[in-house]
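# Remarks on the overall topology
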Amino acid sequence: MRVLKLSKKDEKKLYDVLNKFGEVWAPVPKGSRYVYDKIEKKEDLVSYNEFVRTILPIKKFLMPQDFNILNLSPSKFETPKVDIPTRVIVGVPPCEIHALNILDKFYTTDFVDNYYMERREKVIIIGKSSLPDEYLFSHKTNTSIVEEGYDLFFIDLGDYYLVWVGSEKGDDIVRLGSDIFSEDVPVDVAHDFVAYREKRRKAFTKHIDLEGVTDLMELMYDADFWDEFGEKCLSCGQCTMVCPTCTCFNVIDELELNKDEGHRRRYWDSCMFKDYSLVAGQHNFRESRAERLKLWYTHKLKAFIGHFGSPSCVGCGRCIITCPVEINVETVVEKLKG
Ligand code: SF4
Ligand code: SF4
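## So, the site of ligand 1
Residues in contact with ligand 1, as listed here, are Cys233, Leu234, Ser235, Cys236, Gly237, Cys239, Met272, Leu293, Cys323, Pro324, Val325 and Ile327. Of the residues in the shell around ligand 1, the class split is 10 nonpolar, two polar and no charged.

Shown next, in the form of structure tokens:
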């Protein structure tokens, strides 16, 4: 893997290089939060030192919230033609790149999801390390440092960035920007790098103790606290929408009023919704909110390990910020630990 330098005085030129590869998207403020938005001019591409948590994670680029997958008419079924633009997503934090690696596994193991793949191939990931805020706990989920899944990855070391090249696309960007990326990386840069890593490691303040949680999910499956959480849960599904590794979806056929034509929609769903587990004959095998909460947390903290070798929580802190009744990884782990 190659490591290069980018001087801060050349930072604004980066936009022009990236823009040659596709639309440039990056976090921008929206009220008191951030969203990934399209950057139209180089002045608007801002590099943040502190962790930036967008309301929705980058899964929104890989699986649209709601889209048409089939047009239906009496004479034919037709797959709609969609022009998917190439998007260069800048400022993606390590935990979200880990989430992307989890999505890659999920959507390509056993069955390849072509809707995901055709968008995945059109996304270029420019990662960036930053100092944690009070909600990030990726140091506890082993996702605070990332070694794969990005095209380029930036670490801010004061007057310059260290830039890791992680793919052929990343290499193409570096070639096109050969006047701003420098191969001259002297050995003493390592001191700055080690000092930064240490400063960042010490800056984490959210310490959720996940030790033994996988076993506790099994042992505490029938504990009373699930019913207490079930009483509070609003079934709003926000935890699912904001979680970078949640993948629930539904597919429905909708007919036009003339009943001759229609389409098949695929849209984000949530296992927190009552209807999600409703099957033929009106049987619902997760009728209670407590049962649905158990499913959500079993999937995050236990079941995913059996399938893919790691938990599917990357410590982004979104569920902590988002749940209106304080049901989140932190409060669930507190209960599991008694
Ligand atoms: S756990 Fe919180 S965010 Fe999730 S469905 Fe229940 S109330 Fe909504
Ligand atoms: S469970 Fe919560 S902290 Fe973990 S990845 Fe999902 S939203 Fe982030």
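## Quick notes on the domain arrangement of the chain
Note: interface size is frequently given as the accessible area lost on complex formation between the parts. Segmentation of the chain into domains returns domain 1 (2-203) and domain 2 (213-336). Look at where the C-alpha atoms of domain 1 and domain 2 centre, and you get two points 26 Å apart. The partner domain 2 presents 33 residues to the 39 residues of domain 1 that form the contact. Our count for the contact surface shared by domain 1 and domain 2 stands at three salt bridges. With a shortest N-O distance of 2.8 Å, arginine 266 and aspartate 113 are connected by a salt bridge. Counting the contacts that link domain 1 with domain 2 gives 19 residue pairs in polar contact (both at pLDDT 80 or more).

## Section: the site of ligand 2
Around ligand 2, the surrounding shell holds 13 residues, and the nearest of these are Cys243, Cys313, Cys316, Gly317 and Cys319. Where the shell around ligand 2 is concerned, the elements lending two or more residues are α10 (289-308) and α11 (318-322). Here the shell around ligand 2 is built from residues that sort into nine nonpolar, two polar and two charged.

## Examining the packing of helix α8 (residues 225-232) against helix α12 (residues 329-336)
Packing of α8 against α12 brings their axes to within 10 Å, and their N-to-C directions diverge by 150 degrees. As the angle between them shows, α8 and α12 are arranged roughly antiparallel. Mapping the contact onto sequence places Phe225, Trp226, Glu228 and Phe229 in α8 and Thr331, Val332, Lys335 and Leu336 in α12. Considered class by class, the residues forming the contact of α8 with α12 number five nonpolar, one polar and two charged.

## Considerations on the sheet that holds strand β6 (residues 87-92)
The strand order β3-β2-β6-β7-β8-β9-β1-β10 describes an open sheet built from eight strands, whose pairing is mixed. Of all the strands in the sheet, the pair left with one neighbour each is β3 (33-38) and β10 (181-182). Examined bridge by bridge, β6 and strand β7 (residues 123-128) share five bridges and lie parallel to one another. Along β7, the bridge assignment pairs valine 92 with glycine 127. Its contacts with the sheet place helix α1 (residues 11-19) against β1 (2-7), β2 (23-30), β6, β7, β8 (152-156), β9 (160-165) and β10, and it is angled at close to 130 degrees to β2. The strands touched by helix α3 (residues 94-108) within the sheet are β3, β6, β7 and β8, with β7 carrying the most contacts at an inclination of about 145 degrees.

## Points about the side chain of serine 312
Here serine 312 shows up in the loop between α10 and α11. Beyond its immediate chain neighbours, meaning those up to four positions away, serine 312 contacts Ile102, Thr245, His299, Lys300 and Phe304.

Scoring rules and cut-offs
- Residues numbered from 1 in each chain as written.
- Chains lettered and ligands numbered in written order.
- Predicted model: local features only at pLDDT ≥ 70, side-chain atom pairs only at ≥ 80, totals over all residues.
- Heavy atoms only, no water.
- Near = heavy atom within 4 Å.
- Nonpolar A, V, L, I, M, F, W, Y, C, P; charged D, E, K, R; others polar.
- Domains from an automatic or database assignment.
- Contact = heavy atoms within 4.5 Å.
- Salt bridge = Lys/Arg side-chain N within 4 Å of Asp/Glu carboxyl O.
- Polar contact = N/O pair within 3.5 Å; in protein donor to acceptor, adjacent residues only side chain to side chain.
- Helix = DSSP H or I, 4+ residues; strand = E, 2+ residues; numbered from the N terminus.
- Axes fitted to C-alpha atoms, helices over the stretch in contact; angles between N-to-C directions.
- Parallel < 35°, antiparallel > 145°, perpendicular 65-115°, else oblique.
- Pairing = 2+ DSSP bridges.

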